[in-house]
Amino acid sequence: MKVRLAVAVCAVAAFASSTLHAQSTLDAVKSKGYVQCGVNTGLAGFSQPDSRGAWKGIDVDACRAIAAAVFGDATKVRYTPLTAQQRFTALQSGEIDVLARNTTWTVTRDTSLGLNFVGVNYYDGQGFMVPKKLGVTSAKQLNGATICVQPGTTTELNLADYFRANKMSFKPVVIEKLEEVTNAYFSGRCDVFTTDVSGLVSTRGSRAPKPADHVILPEVISKEPLGPVVRHGDDRWYDIVKWTLFAMLEAEELGLTSKNIEQNLTSTNPSIQRFVGATGDIGKMMSLDNRWAYNVVKQVGNYGESFETNLAPLGFERGINNLWTNGGLMYAPPIR
Amino acid sequence: MRWVRENLFGNWASAIATLAILWLAWKLVPPFVQWALIDAVWVSPDSRPCRAEGAGACWALIAEKHRFILFGTYPFEHQWRPGLAILLLIALYVASALRRFWRPALALAWIGGLALIGLLMWGGTAGLAYVENERWGGLALTLLLATFGIAFAFPLSILLALGRRSKLPAVRALSVLWIELVRGVPLISLLFMASVMLPLFLPEGVNIDKLLRALLAMIVFAAAYLAEVVRGGLQAIPHGQGEAADALGLPYWRKTLLVILPQALRISIPPLVNTFIAFFKDTSLVVIIGLFDLLTSIKVALGEPAWSGFGVEAYLFAALVYFAFCFAMSRYSQDLERELERGHARTERGV
């Protein structure tokens, strides 16, 4: 069903993206007064409503940052919770302006679906978690292991590929629901639990009776760069979303935070002056207010702050999601 | 004692069954009570006490999340509005259930009530802030979907059922096509069509709201099923009834409205209510298109790591809410049946 649906969506995608959206997305967004942002229906740390029904997460922060850049007001966002099946159609049909729903950047999606990935706001990848008492230190030692895995996604395929490539065998325990698959792992029905590292971390942090009893193995067997997506054919909007993402990274690199950026309005550092809009006209080049980046950092924070509030409490470490200056992959081109 | 001996220990087989059931109850009920009531954690700002050794049911989850479960992502400070809307809806259900309110004013009450509910939910005037319907959720959304779904699907289904028995070929073909096509696919695929395919076929700039699209799919679906129920009722009416009405010179619509339908609908009450109940529960399928109905809200509430792992408590709560509504519906239909049957029996005796 999913495959057939995907084919149908692809077939219509070309048609949809060529006929729709004569009006520029920025004009449309400005005239309606809010950014319509597609998010996950509930994924802790990325987009998840809290007990009061307010959306929280790094994808949600990406949406808020765009609103801050466009309107100077991070609250001018409306969220459309989307399932994995709906997300691309919602973007193609113009129901949403930007999709920030932990979506993996792949060449197929970037080209054939009529979409543009603007960048990466979280580098994920599939990993393995094992109980510490097994004494396993590398995925290469998992020959013959019983492995808990959820069906249907690429997770299952990556797992099979990895074991075949390393000439090992495994016994899969395939369970659809996250709740049940983690129960199976913690009750000892399987030796290993595999899913994206982000999922392993939050599972360990929240569900393990004693988180320290479980280790995540160093091998990451797939690349899952997650990032916001916009439609093909509107380069202006693409630029805005892309540079909003970069602005959050650049702010962290410059040491600008939501707390100190106000004082830095009068900074003498030329990079900071350009960033906050004191000199130059970067904002105007993007058809935005010259203080667009200042507003993003002031109201949403830099990337590191977003990571600290949303992901760190769940037990996430910066790792490869650190800035390039700190040994990670997060790298923003110069804002000048 | 005599009753016990006759009914529970009447013969060997029933004696064994009684003992087995007693034994099962003795094995199951005390641990459940221990878990659900005695060891339960009722209130707690976080889930730590629930995860302690020997802790029972974590009702603190419901205490913490009940606002989200009932109202979804509706703005927190305005949640009295969907709360009031739910109460209004329930009041309308109750009023419609009582026969002494069965008069034309009831229709007016419904129109007024629904308008008021719309005003409450959307706002935008009368000092209420506007809340887009993407933020509606929880029990409020479930009840609205079910109410509007049935309110539109039921009249439509009567037309479809009449259409299927019509002598006009075009009308009949159209009704048959609708009913058979829709009955031939699962509701999930209709919801998928409405939420994923439909937007792509709409012209530029036209966006039908996600909630409305889902509601349309549900109406189309429910109408097809209800139509077959109504048709069953229509077919059970003896031909003589229609012929007698014809003989009196009643035109088609008066014959249908005054003679055929009242009888047909009465005998279809049990299957109708059955379909209503099924439809009420089917609204939970909107989970697949990302609408935050009661069940989705619970699922999302469980997704927060601090509270994940207490699925049993959360789903028990959901079951309780669904049961309250469905049980009320089925009990009411039994009462209604009995009441209408009484009238029926009396007239027959009179004849």
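## Observations concerning the overall build of chain B
Part 1: Of regular secondary structure, chain B possesses 15 helices and 0 strands.
Part 2: For chain B, buried positions account for 43% of its 351 residues.
Part 3: A separation of at least 24 residues holds for 69% of the contacts in chain B among residues at least 6 apart in sequence.
Part 4: Accessible area of chain B: about 18700 Å², with a carbon and sulfur share of 70%.

## Topic: the layout of surface pockets
Residues and elements named next belong to chain B.
Part 1: The computed volume of the second largest pocket comes to approximately 1500 Å³.
Part 2: Secondary-structure elements contributing two or more residues to the lining of the second largest pocket are α5 (80–97), α6 (104–122), α7 (138–164), α12 (252–267), α13 (269–282) and α15 (311–350).
Part 3: Here the lining of the second largest pocket is built from residues that sort into 28 nonpolar, 3 polar and 1 charged.

## Section: the sheet that holds strand β8 (residues 126–131) of chain A
Residue and element names in this part refer to chain A.
Part 1: In space, the 5 strands of this open sheet follow the order β10-β9-β11-β8-β12, with mixed pairing throughout. Looking along the sheet, the strands with just one partner apiece sit at the ends: β10 (170–174) and β12 (214–216). The average undirected angle you get between the axes of adjacent strands in this sheet is 30 degrees.
Part 2: Across the face of the sheet, helix α6 (residues 154–165) comes into contact with β8, β9 (145–149), β10 and β11 (192–196) while running at roughly 75 degrees to β8.
Part 3: Together, β8, β9, β11 and β12 form the strand contacts of helix α7 (residues 178–186), whose direction differs from that of β11 by roughly 145 degrees.

## Details of the interface of chain A and chain B
Part 1: At the interface, 41 residues of chain A touch 41 residues of chain B.
Part 2: The tally of links between chain A and chain B comes to 2 salt bridges.
Part 3: A salt bridge links Glu95(A) to Arg213(B), with the shortest nitrogen-to-oxygen separation between them at 3.2 Å.
Part 4: Our enumeration of links across chain A and chain B arrives at 10 residue pairs in polar contact (both at pLDDT 80 or more).
Part 5: The set of elements that each furnish at least two residues to the side of chain A that touches chain B consists of α1 (2–19), β2 (48–49), β4 (77–82), α4 (87–92) and α8 (197–207) of chain A.
Part 6: Top element by residues in the side of chain A that touches chain B is α1(A). It accounts for 7 residues.
Part 7: For the side of chain A that touches chain B, the residue count by class is 16 nonpolar, 18 polar and 7 charged.

## A closer look at the environment of Val39(A)
Residues and elements named next belong to chain A.
Part 1: Along the chain, Val-39 falls in strand β1 (residues 35–40).
Part 2: Sequence-wise, Val-39 and Phe-316 are 277 residues apart; in three dimensions their C-alpha atoms are separated by 20 Å.
Part 3: Not counting residues within four places of it along the chain, the set of residues in contact with Val-39 comprises Ser-47, Trp-55, Val-60, Cys-63, Tyr-79, Thr-80, Pro-81, Leu-82, Ala-100 and Arg-101.

## Re the nonpolar core
All names here are of chain B.
Part 1: Leu-61, Met-121, Trp-136 and Leu-234 are the most contacted members of the largest nonpolar core, which totals 82 residues.
Part 2: Considering each element in turn, this core owes the most residues, 15 residues, to helix α10 (residues 210–236).
Part 3: Apart from residues no more than four positions distant in its own chain, Met-121 is found in contact with Tyr-74, Arg-81, Pro-82, Ala-85, Val-131, Trp-136, Ala-140 and Leu-144.

## A short note on the domain arrangement of chain A
Interfaces are often sized by the accessible area lost when the parts come together.
All names here are of chain A.
Part 1: As far as domains go, chain A holds domain 1 (2–123 + 225–326) and domain 2 (126–216).
Part 2: Computed over C-alpha atoms only, the centres of domain 1 and domain 2 are separated by 31 Å.
Part 3: Carbon and sulfur atoms make up 65% of the surface buried where domain 1 meets domain 2, a total of about 380 Å² over both sides.
Part 4: Applying the counting criterion to the domain 1 and domain 2 interface returns 0 salt bridges.
Part 5: Inspection of the domain 1/domain 2 interface yields 0 residue pairs in polar contact (both at pLDDT 80 or more).

## Brief notes about the packing of aromatic side chains
Part 1: One pass over the full model with this rule turns up 28 aromatic pairs over all chains.
Part 2: With a centroid separation of 6.4 Å and 15 degrees between ring planes, the pair formed by Tyr122(A) and Phe307(A) is classed as stacked. With Tyr122(A) in strand β7 (residues 122–124) and Phe307(A) in helix α13 (residues 303–310), this residue pair connects regions lying 185 residues apart in the sequence. As far as the burial class goes, Tyr122(A) and Phe307(A) line up, both buried.
Part 3: Between Phe221(B) and Tyr225(B), the aromatic rings sit 4.9 Å apart at their centres with planes inclined by 40 degrees, giving tilted as the arrangement. In this pair, Phe221(B) and Tyr225(B) are both assigned in helix α10, 4 residues apart and thus about one turn of the helix distant.
Part 4: Judged by relative accessible area, Phe221(B) falls into the buried class, the value being 9%.
Part 5: Ring pairing ties together the aromatic residues Phe46(A), Tyr122(A), Tyr303(A), Phe307(A) and Phe316(A), which thus form one cluster.
Part 6: Positioned above the aromatic ring of Phe307(A) is the side chain of Arg318(A), whose terminal nitrogen or guanidinium carbon lies 5.1 Å from the ring centre.

## Topic: the environment of Val29(A)
Residue and element names in this part refer to chain A.
Part 1: Along the chain, Val-29 turns up in helix α2 (residues 25–32).
Part 2: A relative accessible area of 0% means that Val-29 is categorised as buried.
Part 3: Sequence separation between Val-29 and Thr-309 is 280 residues; the distance between their C-alpha atoms is 28 Å.
Part 4: Among residues more than four places away in sequence, those in contact with Val-29 are Tyr-34, Val-35, Val-70, Phe-71, Asp-97 and Trp-237.

## Topic: the state of the cysteines
Part 1: Summed over all chains, the structure comprises 3 disulfides over all chains.
Part 2: Going through chain A in sequence order and numbering each bonded cysteine, the pairs you get are 1-2, 3-4.

## Overview of the packing of α7(B) against helix α8 (residues 169–183) of chain B
The relative placement of two packed helices comes down to the angle between their axes together with the axis-to-axis distance.
Residues and elements named next belong to chain B.
Part 1: As a packed pair, α7 and α8 sit with axes 7 Å apart at the nearest point and diverge in direction by 125 degrees. Considering their axes alone, α7 and α8 lie oblique with respect to each other. Note that α7 runs across α8; the crossing there is left-handed. Together, Leu-156, Leu-160, Gly-163 and Arg-164 of α7 and Val-171, Arg-172, Ser-175, Val-176, Trp-178, Ile-179 and Glu-180 of α8 make up the contact between the two elements.
Part 2: Looking at the contact of α7 with α8, its residues break down into 6 nonpolar, 2 polar and 3 charged.

## Thoughts on the pairing of β1(A)
Residue and element names in this part refer to chain A.
Part 1: Burial within β1 is extensive, with 6 of its 6 residues counted as buried.
Part 2: Bridging between β1 and β4 involves 6 bridges; their strand directions are parallel. The residue bridging Cys-37 from the neighbouring strand is Tyr-79, located in β4.
Part 3: In this sheet, strand β5 (residues 98–104) lies alongside β1 in parallel orientation, the contact comprising 2 bridges.

## Some thoughts on the side chain of Ser198(A)
Residue and element names in this part refer to chain A.
Part 1: With respect to the element layout, Ser-198 can be found in helix α8.
Part 2: Residue class for Ser-198 comes out buried when judged on its relative accessible area of 9%.
Part 3: In contact with Ser-198, other than residues within four places in its own chain, are Phe-46, Tyr-122, Asp-124 and Phe-316.

## Some remarks on helix α2 (residues 12–38) of chain B
Counting along an α-helix, one turn takes 3.6 residues, and residues three or four places apart therefore face a common direction.
Residues and elements named next belong to chain B.
Part 1: Between its first and last C-alpha, α2 extends 37 Å over 27 residues, near the 39 Å set by a 1.5 Å rise per residue.
Part 2: Among the residues making up α2, those that are buried are Ala-15, Thr-18 and Ala-36.
Part 3: Two or three places before Ala-13, at the start of α2, stands the capping residue Asn-11, its side-chain oxygen 3.2 Å from that residue's backbone nitrogen.

What counts, and where the lines are drawn
Residues numbered from 1 in each chain as written. Chains lettered and ligands numbered in written order. Predicted model: local features only at pLDDT ≥ 70, side-chain atom pairs only at ≥ 80, totals over all residues. Heavy atoms only, no water. Helix = DSSP H or I, 4+ residues; strand = E, 2+ residues; numbered from the N terminus. Buried < 20%, exposed > 50% of the residue type's maximum accessible area, 1.4 Å probe, protein only. Contact = heavy atoms within 4.5 Å. Areas by Shrake-Rupley, 256 points an atom, 1.4 Å probe, with all protein chains shown as cover. 1 Å grid on protein atoms, 1.4 Å probe; cavity = no way out; pocket = protein on both sides within 12 Å on 5 of 7 lines; lining within 4 Å. Points joined across faces, edges and corners; volume = space filled by probe spheres on them. Nonpolar A, V, L, I, M, F, W, Y, C, P; charged D, E, K, R; others polar. Pairing = 2+ DSSP bridges. Axes fitted to C-alpha atoms, helices over the stretch in contact; angles between N-to-C directions. Salt bridge = Lys/Arg side-chain N within 4 Å of Asp/Glu carboxyl O. Polar contact = N/O pair within 3.5 Å; in protein donor to acceptor, adjacent residues only side chain to side chain. Core = buried A, V, L, I, M, F, W, Y, C linked by side-chain atoms within 4.5 Å. Domains from an automatic or database assignment. Buried area = accessible area lost by both parts, 1.4 Å probe. Phe/Tyr/Trp six-rings, centres within 6.5 Å; stacked < 30°, edge-to-face > 60°. Lys NZ or Arg CZ within 6 Å of the ring centre and 35° of its normal. Disulfide = S-S within 2.5 Å. Parallel < 35°, antiparallel > 145°, perpendicular 65-115°, else oblique. Left-handed = near helix turned anticlockwise from the far one by under 90°. Expected span 1.5 Å × (residues − 1).

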